[in-house]
Amino acid sequence: MSSSDEEEKAKELLVLQSVYGDDVLVGDSVTDNDGAALSAFSVDVEVALETRVSLQVELGDHEPPVSEASSKAVAGFTSFVRDPRELVNAQTKAAAGVQAVLPTRSKSGRSLVATARFLPPLHLALVLPRDYPSSSPPRFTLSALWLDVEQLSLCAKALDKLWEDMAGNGVVFSWVEWLKHEAMALLGLDGNGYDGSDLEGGAPCLTLRPHGVKSAPAAENIDGCGGGSGSNGGSLDDVRVVAECESPNEALVAILQYAFEEEQRAFALEVHTCPICMDEVPGMACVAGVAAGCEHAVCRQCLRVMIETAVDSATIDGIRCPMPECRSELPAALIAQLVPSETQCKWEGLRKEQLLAALPGLCYCPRCDPASAQYRHSGRPLLKGTLCKFWEA
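Residues numbered from 1 in each chain as written. Predicted model: local features only at pLDDT ≥ 70, side-chain atom pairs only at ≥ 80, totals over all residues. Heavy atoms only, no water.

Draft legend 1. Inspection of the pairing of strand β9 (residues 139-144) at higher detail. As defined by bridge partners, strand β8 (residues 122-127) adjoins β9 across 5 bridges and the pair is classed as antiparallel. Residue Leu124 lies in a different strand from β9, and its bridge partner there is Leu142. (Pairing = 2+ DSSP bridges. Helix = DSSP H or I, 4+ residues; strand = E, 2+ residues; numbered from the N terminus.)

See the structure below:
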């Protein structure tokens, strides 16, 4: 160990901390076989994505595909197994808080698919030998929630190659930069991601697998969604890599929740033009994506006034995204966040009346409908059953 090696280590760690801040965590020193203390630290590497990344979880053969017809039947209330008012209540009930977008079934029904703009960071844990960087490379462990062992092994080999090219010089910063900007290209995942319209078009995407399960060749992957063109050639025996995915379904939900939180954080730091008042408004005062499938930003004050005006005039059809090319309907959860409870209750009543009026063939029964004045004054307790066969009597 030379003084120059110690100086290089200290300098490299200082550079990493100045660039990556809290993503660099200095741990307790470890000892080698001779009892000498070695510096150890870890870096959480946020992968830079140029486009949204597609995610897929393959479903087992025991889980039958969901047909499009059965999905439409439920969404369109074509089966009255329950009280129609219960179905309407489900459409107007505000969800508790804002939640991440959940995955959906692919067209074939054999997999769950989703897209994400952000991915959880790669975790690079390092121990610097006494003779680093003059002679020995850093010892490292690379782990991730969304890559399998084979893909992580490919990245580990690329880090080895970087050390061979830079032997005798500090390499950790170059490793972190490579993982951040070039790892996705090596794995064939830097192309245009799946946009939600055609999963079976063969767009590059990530298939989440339990740790220890080898990546399938892209041509054999279901729904045309492979691990990328570079997903083959890694090793399952590299002890330096750890695939953290134990349950693909749980991993997918965790990734989507992380991506959602990061999108909200990034949105809050940006400035947006409100399409209603045309003012430049900071993201923290706006709503990001006012409806499902909508990415338009509108300031909260304008949305609140728009909703209150529509409810007061009983014209709730106008409670939509203000962009002419969109006009998506605002969800109940967002309305509950923006307006007072009195306005929300009034909107729910109007919306229920609107949905009930749109149900085909719906008739009100004077015997069991709680809205019937004669029934309410009959002195009998209100019943919650609906199919009492009054009209068949």
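Draft legend 2. Representation of the environment of Ser29. Relative to the helices and strands, Ser29 is located in the loop between β1 (24-26) and β2 (30-31). Between the alpha carbons of Ser29 and Ser39 there is a distance of 4.9 Å; along the sequence they are 10 residues apart. In this structure Ser29 touches Ala37 and Leu38, once residues within four positions along its chain are discounted. (Contact = heavy atoms within 4.5 Å.)

Draft legend 3. Region of interest: the packing of aromatic side chains. One pass over the structure, following the stated rule, counts 3 aromatic pairs. For the pair Tyr132 and Trp163, a centre-to-centre distance of 6.1 Å together with 35° between the ring planes defines the contact as tilted. Here the residue Tyr132 occupies a position in the loop between β8 and β9, and Trp163 occupies one in helix α4 (residues 149-166), the gap between them amounting to 31 residues. Trp163 carries the same exposure label as Tyr132, and that label is buried. (Phe/Tyr/Trp six-rings, centres within 6.5 Å; stacked < 30°, edge-to-face > 60°. Buried < 20%, exposed > 50% of the residue type's maximum accessible area, 1.4 Å probe, protein only.)

Draft legend 4. Just the side chain of Gln56, in detail. Take Gln56: it is sitting in strand β5 (residues 53-58). Judged by its relative accessible area of 0%, Gln56 falls in the buried class. For Gln56, the side chain forms a polar contact with the side chain of Thr207, separated by 3.3 Å. (Polar contact = N/O pair within 3.5 Å; in protein donor to acceptor, adjacent residues only side chain to side chain.)

Draft legend 5. Broad picture of the pattern of salt bridges. Applying the stated rule across the entire model yields 10 salt bridges. Glu58 is the salt-bridge partner of Arg209, the closest N and O atoms lying 4.0 Å from each other. Residue Arg209 is found in the loop between β10 (205-207) and β11 (241-243), and its partner Glu58 is found in strand β5; the two are separated by 151 residues along the sequence. On the basis of relative accessibility, which here comes to 9%, the residue Arg209 falls in the buried class. Since its relative accessible area comes to 35%, Glu58 is described here as partly exposed. With a shortest N-O distance of 3.7 Å, Asp148 and Arg209 are connected by a salt bridge. In this pair, Asp148 is assigned in the loop between β9 and α4 and Arg209 in the loop between β10 and β11, connecting sequence segments 61 residues apart. (Salt bridge = Lys/Arg side-chain N within 4 Å of Asp/Glu carboxyl O.)

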